[in-house]
Amino acid sequence: MSDNDFIIIDEEKETPVTTEGKESSDTEKKEVFQTSAKEEHEDEYEKICFICHRPESKAGKMIHMKEDEYEKVCFLCRRPESKTGPMITLPQNIHICTECMQKSFDAMTNGSIDYSRLMNMPGVQFLNLSDLENMAPPKTQKIKKKKEKPKEFQKLDIKNIPAPHKIKGKLDEYVVGQEYAKKAMAVAVYNHYKRVATDSVDDIEIEKSNMLMIGPTGSGKTYLVKTLARLLDVPLAITDATSLTEAGYIGDDIESVVSKLLAAADNDVEKAEQGIIFIDEIDKIAKKRNSSQRDVSGESVQQGLLKLLEGSEVEVPVGANSKNAMVPLTTVNTKNILFICGGAFPDLEGIIKERLMHKTSMGFNAELKDQYDNDKDILSKVTVEDLRNFGMIPEFIGRLPIIFTLKGLDKDMYVKILKEPKNAILKQYQKLLALDEVKLDFDDGALEAIAEKAMKKETGARALRAIIEEFMLDIMYEIPKDENIGEVTITRSYIEGTGGPLISLRGQEVPRLP
């Protein structure tokens, strides 16, 4: 090294460079810059499998999943990914849903064929996934993905809540009779949603107005709730109390009633927290009498429902009826959920009669003990004491402050149910025959005969459809045979089985007796 030579120290690597090698180092820097520019386009990292986390050097060639406007379709069952869920992707763009894959594994493991023996047999070759790379890609069905619109949840506005008389007016269009029940329900629902809309206005907190409906079967309990939810445009969940059991036992958990409401609200928690839950057959969870075994579907279910009726935050399984299922949980606040319970309470009439008979006295002006035997409106005299004697615990009854009854149906109400509501059963059959360009009429005698038959069945309004389905079967079968039939009139003699319906051809007028 001469006196003219000097040393340059690199700040990063601190390696000595002489002036003689300065030109060579500049060229090396240019080459490094060019190679780094190329590496920007080529990935210097290996791809890693999302499931097994193995690198591409060990797992082989990998498939890069890209967002596409078309859905994946299962190669076996031909269902799209929106129905089957995430799919398993094989080479050559072959997709198999998890259900078909599981069925294939089950068929191999549970079948009678021992596949391990077939491996050693000559001429038998199993499918090798690596062979699929050389195969021609199959023609796959292309289904465009549906663009999901963002959900817009509109909070309740007190100005948009219909007044009680408007709610009752809408209920009158679909439900016949039950005036007191419709009035009580309209006022309770109106006050409840006013409470939801103005809960955070001041420090005064309004309590919930849960309801208990008592009425015989077929009197319109479920139909009232369905009509109400349709009118208010809120999520509605109808559940049955007979399947509810204490946590840890076979049956549906108590929180499943909220999970059904969540499903009705498209898993929108905020929307579900303003819905309605109707628990039918609530009388089936009454406290059992003279039972030595643990009451897992009676008093324990009532105690479990207390926190839901009162209003609390509960963890709810999404898409399942039990918390033990391997499904995600979400938290729902039941503070603003309206609970409506309904039941027939079949033995309650005897309890009410027994209480009223104790008040009778002796003498000429005393009330007779059998005066309540034929009282059809005996359920309207129910009290909280009667419900306690039936088997409902006081804490449960206290969380249902509004208790009202529905009357049993008489002959006139049956006739009105047949023809007056918007979607009356007679109007439904008239519409069906109108599609065949045939007019269907019922005379007054036929309606009375149908009502008399329904009263004998003692199953309420549900008996009407069963009776009409029976005698309309032959008419619905025979009319499409003859295109000349223009009008059919159902008479009382046809309902009673002593005659037939009046049939008139197109353009023919049937003479009427004066």
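As a reminder, the structure under discussion sits directly above these lines.
Residues numbered from 1 in each chain as written. Predicted model: local features only at pLDDT ≥ 70, side-chain atom pairs only at ≥ 80, totals over all residues. Heavy atoms only, no water.

## A look at the overall build of the protein
Worth spelling out the cut-off: Each helix is a run of DSSP H or I of at least 4 residues and each strand a run of E of at least 2, with the numbering of both proceeding from the N terminus. Remark: exposure states derive from per-residue accessible area (1.4 Å probe, protein chains only) relative to the maximum for the residue type, with buried under 20%, exposed over 50%, and partly exposed in between. We call two residues in contact when some of their heavy atoms are within 4.5 Å. Using a 1.4 Å probe, the Shrake-Rupley method yields the accessible areas, and only the shown protein chains count as cover for residues.
Secondary structure assignment for the protein yields 19 helices and 16 strands. Here the protein holds 514 residues, and the buried ones make up 35% of them. Excluding contacts between residues fewer than 6 apart, the proportion of contacts in the protein whose partners are at least 24 apart in sequence is 63%. Working note: accessible area of the protein is about 33700 Å², and carbon and sulfur atoms make up 51% of it.

## Remarks on the packing of aromatic side chains
So the rule is basically this: Only rings of Phe, Tyr and Trp enter the pairing, Trp through its six-membered ring, and a pair is recorded when the two centres are within 6.5 Å. The plane angle decides the type: under 30 degrees is stacked, over 60 is edge-to-face, the rest tilted.
In this structure the tally under the stated criterion is three aromatic pairs. Geometrically, the ring pair formed by phenylalanine 442 and phenylalanine 471 is edge-to-face, given 6.4 Å between the ring centres and 70° between the ring planes. A residue pair is termed long-range when its members are at least 10 positions apart, and phenylalanine 442 in strand β14 (residues 439-442) and phenylalanine 471 in helix α18 (residues 462-478) qualify at 29 residues. Considered together, phenylalanine 442 and phenylalanine 471 belong to a single accessibility category, that of buried residues. Put simply, the rings of Phe442, Phe471 and Tyr494 pair up and form one aromatic cluster.

## Concerning the pattern of salt bridges
Test applied: Between Lys or Arg on one side and Asp or Glu on the other, a salt bridge is scored when a side-chain nitrogen of the former is within 4 Å of a carboxyl oxygen of the latter.
Going through the model one piece at a time under the given rule, you end up with 18 salt bridges. When the shortest N-O distance is used, the salt bridge between lysine 422 and glutamate 173 registers 3.3 Å. Remark: glutamate 173 occurs in helix α6 (residues 164-174) and lysine 422 occurs in the loop between α15 (411-419) and α16 (425-434); sequence separation between them is 249 residues. With its nearest N and O atoms 2.9 Å apart, the salt bridge here joins glutamate 496 to arginine 492.

## Here we look at the sheet that holds strand β16 (residues 502-505)
Under the convention used in this document: For two strands to be treated as a pair, DSSP must find no fewer than two bridges joining them. The angle between two axes is taken between their N-to-C directions and runs from 0 to 180 degrees, where each axis is a line fitted to C-alpha atoms and a helix contributes only its stretch in contact.
Reading across from one edge, β14-β15-β16 is the order of the three strands in this open sheet, with mixed pairing throughout. The open sheet has two free edges, formed respectively by β14 and β16, since each of these has just one partner strand. Along the sheet, successive strands turn relative to each other by an average axial angle of 15°, direction set aside.

## A short note on the sheet that holds strand β7 (residues 211-214)
Sheet strands pair by backbone hydrogen bonding; their relative direction is either parallel or antiparallel. Read from one edge of the open sheet, five strands run β8-β9-β12-β7-β13, paired in parallel fashion. Edge positions in the sheet fall to β8 (236-240) and β13 (402-405), since each of these pairs with one other strand and no more. Put simply, the sheet's adjacent strands are angled 20° from each other on average, direction ignored. As judged from the four bridges shared by strand β9 (residues 276-280) and strand β12 (residues 338-343), these two strands associate in the parallel manner. Counted as the bridge partner of isoleucine 276 is leucine 338 from β12. Of the strands in this sheet, β8 and β9 are in contact with helix α9 (residues 256-264), which crosses β8 at around 145°.

## Quick look at the packing of α16 against α18
When two helices pack together, their arrangement is given by the angle between the helix axes and by the axis-to-axis distance. Rule in force here: Note on terminology: angles under 35 degrees are roughly parallel, angles over 145 are roughly antiparallel, angles of 65 to 115 are roughly perpendicular, and the others are oblique. Note: crossing handedness is left-handed where the near helix turns anticlockwise from the far helix by less than a right angle, and right-handed where it turns clockwise. In this classification, Asp, Glu, Lys and Arg are treated as charged, Ala, Val, Leu, Ile, Met, Phe, Trp, Tyr, Cys and Pro as nonpolar, and every other residue, Gly included, as polar.
Running from N to C, α16 and α18 point in directions that differ by 20°, and their axes come no closer than 11 Å. As the angle between them shows, α16 and α18 are arranged roughly parallel. With respect to the hand of their crossing, α16 and α18 are arranged in right-handed fashion. Taken together, the residues of α18 that come into contact with α16 (itself represented by Ile425, Leu426, Gln428, Tyr429, Leu432 and Leu433) are Leu464, Arg465, Ile468, Glu469, Met472 and Met476. Broken down by class, the residue content of the contact of α16 with α18 amounts to nine nonpolar, one polar and two charged.

## Re the pairing of β9
Of all five residues in β9, five are buried; the element is thus mostly enclosed. Note that β8 and β9 share five bridges and pair parallel. Within β9, the position partnered with aspartate 240 by the bridge is aspartate 280.

## Some words on the state of the cysteines
For the record, the criterion: Throughout, a disulfide means two cysteine sulfur atoms within 2.5 Å of one another.
Using the criterion set out here, one finds zero disulfides in the structure. Free cysteine cysteine 97: the closest other cysteine sulfur is in cysteine 100, separated by 3.4 Å.

## Concerning unusual backbone geometry
Phi is positive for glutamine 178, close to 55°, though the residue is something other than glycine. Structurally, the position occupied by glutamine 178 is in the loop between α6 and α7 (179-197).

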